[in-house]
Amino acid sequence: TSAKKNILGDYELKGELTNVGNSSLQFVQITAHLYDSTGQLIASDNGFTTPTTLDAGHTGTFDIFVTKDTISGTPSSFRLSYDWS
């Protein structure tokens, strides 16, 4: 997983998620949570893995953009969470 600020001031978070379970996961959604230096949540956004369905043992990628106009501070850390159907 990586997080980078682009020249426009937006943040791009990219990474991979592997299904280590025994059944398929459908519509796998990743949520990026950005925090300031005091640990306060200052932004969040989400996206889906590609592919959106991950069979057992397979890996999907994600690419989430958090635009600067949705950020209410200066990010110093991030956390990712995921959910599926």
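Computed from a predicted model, the values in this text were never measured in an experiment.

> Account for the nonpolar core, with residues named and values stated.
Core analysis: the biggest nonpolar cluster contains 15 residues, and Leu34, Val66 and Ile71 have the highest contact counts within it. Elements with a minimum of two residues in this core: strand S2 (11-18), strand S3 (29-35), strand S4 (41-48) and strand S5 (59-66). Leaving out residues up to four positions away in the same chain, Ile71 has contacts with Tyr11, Leu34, Ile42, Ala43 and Val66.

> So, the pairing of S5: which residues are in play, and what are the values?
Two faces belong to every sheet, and in a regular strand the side chains alternate between them. Residues Gly60, Phe62, Ile64 and Val66 line the buried face of S5, whereas the alternating positions Thr59, Thr61, Asp63 and Phe65 sit on a face that is not buried. Sheet topology note: the S2/S5 ladder contains eight bridges and is antiparallel. Bridge pairing in S5 places Leu13 opposite Ile64.

> Describe the sheet that holds S4, and please don't skip the residues or the numbers.
A sheet is described by the order of its strands in space; here three strands give the open sequence S4-S3-S6, paired in antiparallel fashion. Looking at strand neighbours, the two that pair on one side only are S4 and strand S6 (77-83), the edges of this open sheet. If you compare each strand with its neighbour and ignore which way they point, the axes differ by 20° on average. With seven bridges connecting them, S3 and S6 associate as antiparallel partners. By the bridge assignment for S6, Gln29 is matched with Asp83.

Thresholds applied
- Residues numbered from 1 in each chain as written.
- Predicted model: local features only at pLDDT ≥ 70, side-chain atom pairs only at ≥ 80, totals over all residues.
- Heavy atoms only, no water.
- Core = buried A, V, L, I, M, F, W, Y, C linked by side-chain atoms within 4.5 Å.
- Buried < 20%, exposed > 50% of the residue type's maximum accessible area, 1.4 Å probe, protein only.
- Helix = DSSP H or I, 4+ residues; strand = E, 2+ residues; numbered from the N terminus.
- Contact = heavy atoms within 4.5 Å.
- Pairing = 2+ DSSP bridges.
- Axes fitted to C-alpha atoms, helices over the stretch in contact; angles between N-to-C directions.

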